[in-house]
Amino acid sequence: MNLKIGVIKGDGIGPEIVTEAMKVLDKTAEVYGHTCSYEQLLMGGASIDVHGIPLTDETIQRAKSCDAVLMGSIGGDAKTSPWYKLEPSKRPEAGLLKIRKELNLFANLRPAVLYEELKGACPLKEEITEGGFDMMIMRELTGGLYFGERKTVEENGVLTAMDSLCYNENEIRRIAKRGFDIAMKRRKKVTSVDKANVLDSSRLWRKVVEQAAEEYPEVTLEHMLVDNCAMQLVKDPKQFDVILTENMFGDILSDEASMVTGSIGMLASASLNETKFGLYEPSGGSAPDIAGKGIANPIATILSAAMMLRFSFDLDKEAEAIEEAVSRVLKEGCRTIDIMSEGKTQIGTAQMGDLITGYIGKH
Ligand code: IPM
Ligand code: MG
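Residues numbered from 1 in each chain as written. Chains lettered and ligands numbered in written order. Predicted model: local features only at pLDDT ≥ 70, side-chain atom pairs only at ≥ 80, totals over all residues. Heavy atoms only, no water.

Got a sec to walk through the pairing of strand β2 (residues 35-40)? Specific residues and values, please.
Pairing analysis gives 6 bridges linking strand β1 (residues 2-10) to β2, with the strands arranged parallel. Bridging from a neighbouring strand, Leu3 pairs with Cys36 of β2. Each parallel crossover has a hand, and the one from β1 via helix α1 (residues 14-32) to β2 is right-handed. (Pairing = 2+ DSSP bridges. Helix = DSSP H or I, 4+ residues; strand = E, 2+ residues; numbered from the N terminus. Right-handed = clockwise from strand over helix to strand, strands pointing away.)

Requested: an account of the nonpolar core, with residues and values cited.
If you look at the biggest cluster of nonpolar residues, it comprises 65 residues, and the most contacted ones within it are Ile5, Leu70, Leu109, Phe180, Ile299 and Ile356. Listed in part, the 20 residues of the second largest apolar core include Leu114, Val193, Leu253 and Leu267. (Core = buried A, V, L, I, M, F, W, Y, C linked by side-chain atoms within 4.5 Å. Buried < 20%, exposed > 50% of the residue type's maximum accessible area, 1.4 Å probe, protein only.)

Summarise the packing of aromatic side chains; cite the residues concerned and give the values.
Summed over all chains, the structure comprises 2 aromatic pairs. On the numbers, 5.7 Å between centres and 65° between planes, the contact of Tyr167 with Trp205 is edge-to-face. In this pair, Tyr167 sits in the loop between β7 (158-163) and α6 (169-184) while Trp205 sits in helix α7 (residues 200-213), placing the two residues 38 residues apart along the sequence. By the burial criterion, Tyr167 is buried, and Trp205 matches it. Taking the centre distance of 5.1 Å and the plane angle of 20° together, the rings of Phe180 and Tyr216 count as stacked. Taken together, the residues span a long stretch of sequence, with Phe180 in helix α6 and Tyr216 in the loop between α7 and β9 (220-225) at a distance of 36 residues. Considered together, Phe180 and Tyr216 belong to a single accessibility category, that of buried residues. Seen from the ring of Tyr146, Arg139 lies directly overhead, with NZ or CZ sitting 5.2 Å from the centre. Sitting above the plane of the Phe106 ring, Arg174 keeps its charged end 4.2 Å from the centroid. (Phe/Tyr/Trp six-rings, centres within 6.5 Å; stacked < 30°, edge-to-face > 60°. Lys NZ or Arg CZ within 6 Å of the ring centre and 35° of its normal.)

How would you summarise helix α3 (residues 57-64) if you had to cite specific residues and measurements?
Within α3, burial applies to Thr59, Ile60 and Ala63. Along α3, the residues classed as buried sweep out an arc of 100° about the axis, all on the same side. Of the exposed residues in α3, the ones pointing more than 90 degrees away from its buried face are Asp57 and Glu58. Here the buried face of α3 lies against β3 (68-73) and α4 (92-102). (Arc of directions from axis to C-beta. Contact = heavy atoms within 4.5 Å.)

I'd like a description of the state of the cysteines, backed by residues and values.
Overall, the coordinates contain 0 disulfides when judged by the stated rule. You can see Cys36 has no disulfide; the closest cysteine sulfur is in Cys66, sitting 12 Å from it. With no disulfide of its own, Cys122 has Cys229 as its nearest cysteine by sulfur position, at a separation of 16 Å. Judged by relative accessible area, Cys122 falls into the buried class, the value being 9%. (Disulfide = S-S within 2.5 Å.)

Here is the structure:
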């Protein structure tokens, strides 16, 4: 099979971590008899530097012509980078929001798994993490506060800013269905997270999720308020299977969930629409402070490439080969600095990519 993959290396550590994921993809393709053709796409600061805006219409068209897009990260240091002198709609993050919206990538899957080997990097007590945990955060990605009306006005010398949180029932229903579909392939439990004790949008969310649940009698549905969920994630992460939530809550909870797995450098993600197309990216940011140092963890990006093979190309065997290679390298005790613990061997970004590549197809 020929895999036509759009590649957005992006800013900060993006180019370094994507390079490693491409190495792993090329090797996987070679071992399993596929070919990868890459289309380099500019987005974020890298696009601002060339085109003056974070995402051009032409880039969107080129992304659409690919089967899937693999992305690194976008954005820079808000204090020092010239990109942040631009108006908000022209800054790097606006490119990411635009591509999500234009490609209708409403379903964001962020799996948070505690690897046995990484227990040492997990900040939680051993009795809490005993037996590991494995949850999937299903974040709605094209609605809510991120895309609602916003404005800043000055009245009588007083500045007032407003962002609106809006969802219609169709938007809630389609993400809920995705959440239940995923749960059916896992442990059949959905925790829908909202703030229904305060927000109208959450009350509608709860109602529509309950309606959607009727079509999935085998799935256990529970509702949880977002503040409680933030607490439960560190108190008892094992209780979660699928966490289904709106855009902003998902953004916050997924960073929290990643930290309890040891590092945000381990958290992959897939953003999907109604077709097989997807945008795959690590959940972490561009980490400008460590960019170019060769120390960033490429594993989240490599695992995102595995998700791409599974969801966009139905290549399950190939995806598993990548996941197994990651596990093997971790078992051997090799670690990037973010997941380093006593007695392990610290290695850099490229070395991590090389080691994982070396295990593809080796049993
Ligand atoms: C993420 C990031 C983005 C988001 C930023 C960079 C706009 O934090 O993918 O979680 O908030 O969605
Ligand atoms: Mg985030």
